Amino acid sequence: EDQVTQSPEALRLQEGESSSLNCSYTVSGLRGLFWYRQDPGKGPEFLFTLYSAGEEKEKERLKATLTKKESFLHITAPKPEDSATYLCAVQPANRDDKIIFGKGTRLHILP
Amino acid sequence: DSGVTQTPKHLITATGQRVTLRCSPRSGDLSVYWYQQSLDQGLQFLIQYYNGEERAKGNILERFSAQQFPDLHSELNLSSLELGDSALYFCASSWTGSDGDTQYFGPGTRLTVL
């Protein structure tokens, strides 16, 4: 069964304390892996799309990487405004019909 | 701002009632997706339309239905509402709807069923 698991469920960091969020997936072939940021009560905001193992993408303090079994979202020197829930989603290669979302990591950056 | 609009922002109704949620995709996007997000379930895919045609169904209840109109806006109809239908409903759009195409989400409609 296609599955996406994110860890940790929640993470509290001091401002400037770098860390990584994990997204592990089991799908029969990967068409794409997506990272989104979601603030409370708002729609997910697109961050990155990764298509193949070894691919990396960066945006400001965020960097996403992809292997054959997992993706990491590295956050470098975070600021309080980076506090949000970060969602990972995968689109299986054999399924045109849907993207499977993980339950997210709630990130809280303390000033 | 993703460019996807949803109305209304909030909806409060009673059990047994029927409601309609509306979504306008980003300019140029042909595909529309509907998701339900509740506190304990995370984002659940409901249904996808591409250029007016239903393309895929996810975990959508029989009491729910959707359509996409010629101008590409979409409506999600929820009927015989139950308390458990209270959730955030998101619409997303993408250009082609395939090959790992990125979906852009609207701000959501918060549905409360009393």
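Read on for a plain summary of the structure. (Residues numbered from 1 in each chain as written. Chains lettered and ligands numbered in written order. Predicted model: local features only at pLDDT ≥ 70, side-chain atom pairs only at ≥ 80, totals over all residues. Heavy atoms only, no water.)

This next bit is on the pattern of salt bridges. Residues and elements named next belong to chain A. For the structure on display, the rule yields seven salt bridges over all chains. The closest approach of N and O atoms between R37 and D39, which form a salt bridge, is 3.1 Å. Looking at D39, the relative accessible area reads 23%, which means it is partly exposed. Between K63 and E56 there is a salt bridge; the shortest N-O distance is 3.4 Å. (Salt bridge = Lys/Arg side-chain N within 4 Å of Asp/Glu carboxyl O. Buried < 20%, exposed > 50% of the residue type's maximum accessible area, 1.4 Å probe, protein only.)

What follows concerns unusual backbone geometry. The amide bond that connects S7 of chain A to the next residue, P8 of chain A, takes the cis arrangement and shows omega of -10°. Among the secondary structure elements, P8 of chain A is positioned in the loop between β1 (3-7) and β2 (10-14). Cis peptide bonds are those with omega within 30 degrees of zero, and the linkage from T7 of chain B to P8 of chain B qualifies with -10°. Its location among the elements puts P8 of chain B in the loop between β1 (5-7) and β2 (10-13). Positive phi, close to 55°, is recorded for E60 of chain A, a residue that is not glycine. According to the relative accessible area criterion, E60 of chain A is exposed, its value standing at 71%. Even without being glycine, S80 of chain B reaches a positive phi, approximately 45°. Inspection of the secondary structure puts S80 of chain B in the loop between β8 (74-78) and β9 (87-94). Given the relative accessible area of 42%, S80 of chain B is considered partly exposed. (Helix = DSSP H or I, 4+ residues; strand = E, 2+ residues; numbered from the N terminus.)

Time to look at the packing of aromatic side chains. A complete count under the given rule lists 10 aromatic pairs over all chains for this structure. An aromatic cluster of at least three residues, connected via ring pairs, comprises Y36, F46 and F101 of chain A together with Y35, F45, F90, Y104 and F105 of chain B. Directly above the ring of Y104 of chain B sits R26 of chain B, whose terminal nitrogen or CZ lies 3.9 Å from the centroid. (Phe/Tyr/Trp six-rings, centres within 6.5 Å; stacked < 30°, edge-to-face > 60°. Lys NZ or Arg CZ within 6 Å of the ring centre and 35° of its normal.)

Quick look at the sheet that holds strand β7 (residues 64-68) of chain B now. Residue and element names in this part refer to chain B. Here four strands make up an open sheet; going across it, the order is β1-β3-β8-β7 and the pairing antiparallel. On the outer flanks of this sheet lie β1 and β7, each paired with one strand and no other. Strand-to-strand twist of the sheet, defined as the mean angle between neighbouring strand axes without regard to direction, takes the value 15°. Here strand β3 (residues 19-24) pairs with β8 via five bridges, running antiparallel. Its bridge partner lying in β8, L21 is registered against L76. (Pairing = 2+ DSSP bridges. Axes fitted to C-alpha atoms, helices over the stretch in contact; angles between N-to-C directions.)

Turning next to the environment of Q48 of chain B. All names here are of chain B. Checked against the element boundaries, Q48 lands in strand β5 (residues 42-50). Spatially, the C-alpha atoms of Q48 and S31 are 7.1 Å apart, while their sequence positions differ by 17 residues. Side chain to side chain, Q48 and S31 meet in a polar contact 2.8 Å long. (Polar contact = N/O pair within 3.5 Å; in protein donor to acceptor, adjacent residues only side chain to side chain.)

To continue, consider the side chain of Q37 of chain B. Of note, Q37 of chain B is situated in strand β4 (residues 31-38). Side-chain polar atoms of Q37 of chain B contact the side chain of Q38 of chain A, separated by 2.9 Å. Q37 of chain B has contacts with Q38 of chain A together with G42, L43, A87, L88 and F90 of chain B, leaving out every residue within four places of it along the chain. (Contact = heavy atoms within 4.5 Å.)

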